[in-house]
Amino acid sequence: MYWDRKTETISRDKLEELQLRRLKETVAKAADSPYYNALGLKDYRITTLSDIEKLPFTTKQDLREAYPYGMVCVPKQKLVRLHSSSGTTGTPTVVFHTIGDIDTWTDLVARCLYMIGVRKGDIFQNMIGYGLFTGGLGLHYGAELLGCLTIPTGPGNTKRQLRFMRDFEVSVVHVIPSYALHLADTAESLGVVPKRDLPRFRIAILGAEPHSEKTRKKVENFFGIRAFNSYGLAEMNGPGVAFECQEKQGMHIWEDAYLVEVINPHTLAHVKPGEIGELVLTTLTREGMPIIRYRTRDLTALMSGECACGRTHHRIKRISGRSDDMLIIKGVNIFPMQVEQVLMGKEGVGRNYQIILESRGHNDHMIVRVELDSNMFVGDLNKLEELKNRIIRDLRDEILITPEVELCEVGSLPISGGKAVRVVDAREI
Ligand code: AMP
Ligand code: ZN
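All figures in this text were calculated on a predicted structure; none of them were measured in a lab. (Residues numbered from 1 in each chain as written. Chains lettered and ligands numbered in written order. Predicted model: local features only at pLDDT ≥ 70, side-chain atom pairs only at ≥ 80, totals over all residues. Heavy atoms only, no water.)

Here we take up the overall build of the chain. Within the chain one finds 12 helices and 23 strands. Relative to a compact globule of 429 residues, whose C-alpha radius of gyration would be 22 Å, the chain shows 23 Å and is just as compact. Counting only C-alpha atoms and orienting by the principal axes, one finds that the chain spans roughly 75 × 60 × 45 Å. For the chain, the proportion of its 429 residues judged to be buried stands at 55%. Counted over contacts in the chain with a minimum sequence separation of 6, partners at least 24 positions apart contribute 66%. Carbon and sulfur atoms provide 51% of the accessible area of the chain, an area that totals close to 19,200 Å². Here the chain holds 56 positive side-chain charges and 55 negative ones, and the gap between their average locations is 4 Å. (Helix = DSSP H or I, 4+ residues; strand = E, 2+ residues; numbered from the N terminus. Rg over C-alpha atoms; globule rule 2.2 N^0.38 Å. Buried < 20%, exposed > 50% of the residue type's maximum accessible area, 1.4 Å probe, protein only. Contact = heavy atoms within 4.5 Å. Areas by Shrake-Rupley, 256 points an atom, 1.4 Å probe, with all protein chains shown as cover. Lys, Arg positive; Asp, Glu negative; His and termini not counted. Charge placed at Lys NZ, Arg CZ, Asp CG, Glu CD.)

Glancing now at the coordination of the zinc ion (ligand 2). Note on metal sites: the ideal angle is 109.5 degrees for four tetrahedral donors, and 90 or 180 degrees for six octahedral donors. Surrounding the zinc ion (ligand 2) are the protein donor atoms C245 (SG), H252 (NE2), C307 (SG) and C309 (SG), which sit 2.1 to 2.3 Å from the metal. Every donor counted, the four donor atoms about the zinc ion (ligand 2) form angles of 102 to 116° at the centre, which fits tetrahedral coordination. (Donors = N, O, S within 2.8 Å, 3.2 Å for Na, K, Ca; no water. Tetrahedral: all angles 85-135°; square planar, octahedral: opposite > 155°, others 65-115°.)

Glancing now at the site of ligand 1. Among the 19 residues in the neighbourhood of ligand 1, the closest are listed as S86, N229, S230, A234 and D298. Within the side chain of D298, one N or O atom sits 2.6 Å away from an oxygen atom of ligand 1. In terms of residue count, the dominant contributor to the shell around ligand 1 is strand β7 (residues 226-233) (five residues). In terms of residue class, the shell around ligand 1 is built from nine nonpolar, six polar and four charged. Two domains each donate at least three residues to the shell around ligand 1, and these are domain 1 (1-325) and domain 2 (326-425). (Near = heavy atom within 4 Å. Polar contact = N/O pair within 3.5 Å; in protein donor to acceptor, adjacent residues only side chain to side chain. Nonpolar A, V, L, I, M, F, W, Y, C, P; charged D, E, K, R; others polar. Domains from an automatic or database assignment.)

Below, the discussion takes up helix α12 (residues 381-399). Three or four residues apart is the spacing at which side chains of an α-helix point the same way, because the helix has 3.6 residues per turn. Taking 1.5 Å per residue, 19 residues should reach 27 Å; α12 reaches 27 Å between its end C-alpha atoms and fits that length. Looking at the buried positions of α12, the neighbouring elements they touch are β17 (332-334), α11 (336-344), β18 (349-360), β19 (363-372) and β20 (404-408). Measuring from the backbone nitrogen of N382 back to the side-chain oxygen at the start of α12 gives 3.0 Å, which picks out D380 as the cap. Backbone geometry just downstream of α12 places L400 in the positive-phi region, at approximately 70°. (Expected span 1.5 Å × (residues − 1).)

Attention now moves to the layout of surface pockets. Here the second largest pocket defines a volume of roughly 490 Å³. Taken together, 24 residues line the second largest pocket, and the ones lying closest to its centre are P155, I176, K330, G331 and V332. By residue class, the composition of the lining of the second largest pocket is 11 nonpolar, 12 polar and one charged. Both of domain 1 (1-325) and domain 2 (326-425) provide at least three residues apiece to the lining of the second largest pocket. (1 Å grid on protein atoms, 1.4 Å probe; cavity = no way out; pocket = protein on both sides within 12 Å on 5 of 7 lines; lining within 4 Å. Points joined across faces, edges and corners; volume = space filled by probe spheres on them.)

This paragraph deals with the domain arrangement of the chain. Under the domain assignment, the chain is made up of domain 1 (1-325) and domain 2 (326-425). Distance between the C-alpha centres of domain 1 and domain 2: 32 Å. Across the contact, 17 residues belong to domain 1 and 16 residues belong to domain 2. Across the interface of domain 1 and domain 2, roughly 1,400 Å² is buried in total on both sides, 50% from carbon and sulfur atoms. Run the count over domain 1 and domain 2 and you get four residue pairs in polar contact (both at pLDDT 80 or more). Examining the composition of the side of domain 1 that touches domain 2, we find that four residues originate from one element, helix α8 (residues 177-189), more than from any other. Here the residues of the side of domain 1 that touches domain 2 sort into four nonpolar, six polar and seven charged. (Buried area = accessible area lost by both parts, 1.4 Å probe.)

So, on to the packing of aromatic side chains. Scanning the model with the defined rule gives six aromatic pairs in all. For the ring pair Y35 and Y36, a centre distance of 5.0 Å and an interplane angle of 80° mean the geometry is edge-to-face. Aromatic side chains F222 and F223 sit 4.9 Å apart centroid to centroid with 90° between the ring planes, which places their arrangement in the edge-to-face category. Residue classification places F223 among the buried residues on the basis of a relative accessible area of 5%. Lying over the aromatic face of F57, R293 brings its terminal NZ or CZ to 4.1 Å of the ring centre. Directly above the ring of F57 sits R295, whose terminal nitrogen or CZ lies 5.9 Å from the centroid. (Phe/Tyr/Trp six-rings, centres within 6.5 Å; stacked < 30°, edge-to-face > 60°. Lys NZ or Arg CZ within 6 Å of the ring centre and 35° of its normal.)

Moving on to the sheet that holds strand β14 (residues 315-316). An order of β4-β3-β5-β6-β7-β8-β9-β14-β13 is seen for the nine strands of this open sheet, with the pairing classed as mixed. The open sheet has two edge strands with one neighbour each: β4 (149-151) and β13 (302-303). Taken strand by strand, helix α6 (residues 134-146) contacts β3 (123-126), β4, β5 (172-175), β6 (203-207) and β8 (238-244), and its axis lies near 170° from that of β3. (Pairing = 2+ DSSP bridges. Axes fitted to C-alpha atoms, helices over the stretch in contact; angles between N-to-C directions.)

Of note, the bond from Y67 into P68 is cis; its omega dihedral lies within 30 degrees of zero at 0°. Positive phi, normally seen in glycine, also occurs at N157, with a value near 55°. Here N157 shows up in the loop between β4 and α7 (158-167). Even without being a glycine, R297 presents a positive backbone phi close to 70°. Topologically, R297 is positioned in strand β12 (residues 294-300).

By size, the foremost hydrophobic cluster in this structure holds 69 residues, and its most contacted members are Y231 and L281. Here the element with the most residues in this core is helix α5 (residues 99-115); it accounts for nine residues. When near neighbours in sequence (up to four residues on either side) are disregarded, Y231 contacts G238, G240, V241, A242, M251, L279, T296, D298, I316 and I319. If you look at the next biggest cluster of nonpolar residues, it comprises 25 residues, including I128, I151, V175 and L181. (Core = buried A, V, L, I, M, F, W, Y, C linked by side-chain atoms within 4.5 Å.)

Inspection of the secondary structure assignment puts L357 in strand β18. Of the residues examined, L357 reaches a relative accessible area of 0% and is grouped as buried. Filtering out sequence-adjacent residues up to four positions away, L357 remains in contact with L327, I329, H365, M366, V423, V424, D425, A426 and R427.

Across the sheet, four strands lie side by side as β20-β19-β18-β23; this open sheet has mixed pairing. The outermost strands of the open sheet, each flanked by one partner alone, are β20 and β23 (423-425). Across the sheet, the mean angle separating the axes of adjacent strands is 15° when strand polarity is ignored. As paired elements, β19 and β20 share five bridges and run parallel to each other. Within β20, the residue paired with E371 across the bridge is C408.

Dropping the structure here:
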């Protein structure tokens, strides 16, 4: 039932002892990186776990400022892998791993997979992006360690996905939730009958973007399987940070590897247990690039009480939103500011713009409405078409997805209390 019984069911006392030891080691190690050295991390004394509150927070912006190697605390020859957060262009946030880091990450992922019932002999199709994004390789290594035949299809090419699932008798898939719904629709339209055509299929791991219970149920009911929520982020390795167990009452967050805090994003103080706040994580096992008090911007709450599965690590609730304006569109992280930068650099573009998000079928659809200077609407219509196409192309290069663009007259887009209404998120999740 457990991949690592001792660690997964460790008593809270022993867990806290382990965390304190690892926190001390982590702070000492991190202090060797140029970034944390400049913050004077060496001078902080850690004697109890609550001393964490004295340490500085780390943000995405700090990671950008430390680019390229500023947060690395080991000689570069010890690094074997680089990953990056999805959707970031401009100065990316990058994370480096040593062999030891890859091993501990892989073990955490294997722990998650085992917890939901994946075993040696399972056939695992990974429909999540490989490359800089952590979802592909992260799950891949964990599944191989477990002894699964692992098929790295990555996302897209839905007909082939379904064909592989049928022909190779796939039993487990990893997929972003919106794509899981699309997979179900495509299967239905192709006349795939899951019971008949995919008889071994039993588990889906839904990760990388928020989704509702309704979405999970749709996926489960169509395929006749069980689906589990997987949470992670590149800064904390990627997948394997928090995962649902078979009870599906919140996600266990692996506290031997991450020190967990939940804060009020405005006052930065800890919220009471059970209250929603921003998740803040400190790596406890990372060698190459430890990160102290990382502000994930993800909103959640720590759940109280013991889990029926016997694991002692705390659970967090389904992520309920963000404390910043980051949008996750088709699984890609996008900040409205990226759109603004593309638009505002263009001649003829006015001051106001709006991003509309809709669901079309099960896909996210993005429309960018932008006001143009009034003189743009007189004269040559071809010029307008050209501008529109240039905006679409430049947005695609910046945010990695292709939006629809509507050119609007000055004053036609809404403002509220003098402020532009930048994002209208009308998606169903
Ligand atoms: P990345 O670093 O590109 O993997 O993106 C990480 C972000 O994706 C997180 O900070 C969350 O905002 C979001 N995310 C990942 N997994 C989930 C999940 N299971 N539920 C909700 N949001 C998620
Ligand atoms: Zn549990």
